[in-house]
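# Observations on chain architecture
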Amino acid sequence: MEFDLAFTTSHLVAFTMGLFSSMHCIGMCGSIIGTLTLSLSPEIRNNKSRLLPFVFNYNIGRITSYTIAGALAGVIQALITMPMGDISGHRLLQLLSAAVMTGAGLYIAGWFPRFAYIEKIGLRFWKMIEPFGRKLIPVKNYSQAYLFGMVWGWLPCGLVYSALALAATAGDIRQSALTMLFFGLGTLPAVMGVGIMTGILTRLSRMQHFKQAIGLFMIALALLAALPWLNPMAITSHSALH
């Protein structure tokens, strides 16, 4: 048996991380979907079958931005590991990723509200691109909805940053981008469901025990990032390698 250093998580874990962390962000995501919905004509807004494609294109745009951000995380990973060496640089990223993910888990559980300050990291960039999103309102077609989603995908979010920290340990640029793609796909059900099951999702997101369970799940992922040899999926056999 051999430890695969490039493996610290799986796409399934990234998807699950997005699925559960998005439940914490329904308030923010719901308000953005609300902005998009209110910008549409009443004929579209009051017809679920016509509204759904606009919401879907918005989300695909948002996930596109997550994927691009993942690729950038992969570039940063390469720049860090190059001078330090693959093993030392990758190990440093594992520990940094674990620290950010632990903070995110504690934040979701309600035990570390100051973690929200990490969102200031992307605030300057957000102020630069946010006006472009405003110019797309009112949204009149699917292309505008997609571009609107791409802009709002860069909204500063500590939980997205924790996913990026995870993506930075994925091994290379392609894997980092794929990690964020799967994270984005994980957020899709909750965000798409905001307009359909708003009451249920909102009540669920406000349950303290539910939020604490999600927080503990994030901390467990952080443990796997810090100590990836504990992850059974990080072990590959010689037969699989050759």
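### With respect to the confidence of the model for the protein
The predicted model of the protein averages 79 in pLDDT, with 77% of residues at 70 or higher. For the stretch residues 1–8, pLDDT sits under 50, and the model shows 33 contacts to residues farther than four places along the chain or on other chains. Note on residues 235–242: pLDDT is under 50 here. Beyond four places in sequence and across chains, it has eleven contacts.

### With respect to a nonpolar patch on the surface
Side chains of Val75, Leu79, Met82 and Ile173 sit close together on the surface and give an oily, nonpolar patch of about 390 Å² of accessible area. Ranked by residues supplied to the nonpolar patch, first place goes to helix α4 (residues 48–84) with three residues. Summarising the element assignment, Ile173 is placed in helix α9 (residues 173–193).

### Thoughts on the layout of surface pockets
Gaps between atoms show up when a probe of the same size as a water molecule is rolled over them. When its volume is computed, the largest pocket comes out at roughly 630 Å³. The wall of the largest pocket is formed by 23 residues, among which Ala73, Ile76, Ile121, Tyr161 and Leu164 lie closest to the centre. Listed by contribution, the elements that provide at least two residues to the lining of the largest pocket are α4, α5 (86–109) and α8 (158–167). Residue composition of the lining of the largest pocket, by class: 20 nonpolar, three polar and no charged.

### Overview of the packing of helix α6 (residues 123–135) against helix α7 (residues 142–152)
Direction vectors running N to C along α6 and α7 enclose 160°, while the axes themselves pass 9 Å from each other. Classified by the interaxial angle, the pair formed by α6 and α7 is roughly antiparallel. When you trace α6 past α7, the crossing you get is left-handed. The residues of α7 that touch α6, namely those facing Trp126, Ile129, Glu130, Phe132, Gly133 and Arg134, are Phe148, Val151 and Trp152. Considering only residue class, the contact of α6 with α7 consists of six nonpolar, one polar and two charged.

### Quick word on the packing of helix α1 (residues 11–21) against α9
The N-to-C vectors of α1 and α9 enclose an angle of 40°; their axes lie 6 Å apart at closest approach. Seen along the crossing, α1 lies across α9 with a hand that is right-handed. On α9, the residues touching His11, Ala14, Phe15, Met17, Gly18, Leu19 and Ser21 of α1 are Gln175, Leu178, Thr179, Phe182, Phe183, Leu185, Gly186, Thr187 and Pro189. Taken together, the residues that form the contact of α1 with α9 break down as nine nonpolar, seven polar and no charged.

Definitions and limits used
Residues numbered from 1 in each chain as written. Predicted model: local features only at pLDDT ≥ 70, side-chain atom pairs only at ≥ 80, totals over all residues. Heavy atoms only, no water. pLDDT = per-residue confidence, 0-100. Contact = heavy atoms within 4.5 Å. Patch = residues over 30% accessible without salt bridge, like charges linked within 9 Å, V, L, I, M, F, W, Y side chains within 5 Å. Areas by Shrake-Rupley, 256 points an atom, 1.4 Å probe, with all protein chains shown as cover. Salt bridge = Lys/Arg side-chain N within 4 Å of Asp/Glu carboxyl O. Helix = DSSP H or I, 4+ residues; strand = E, 2+ residues; numbered from the N terminus. 1 Å grid on protein atoms, 1.4 Å probe; cavity = no way out; pocket = protein on both sides within 12 Å on 5 of 7 lines; lining within 4 Å. Points joined across faces, edges and corners; volume = space filled by probe spheres on them. Nonpolar A, V, L, I, M, F, W, Y, C, P; charged D, E, K, R; others polar. Axes fitted to C-alpha atoms, helices over the stretch in contact; angles between N-to-C directions. Parallel < 35°, antiparallel > 145°, perpendicular 65-115°, else oblique. Left-handed = near helix turned anticlockwise from the far one by under 90°.

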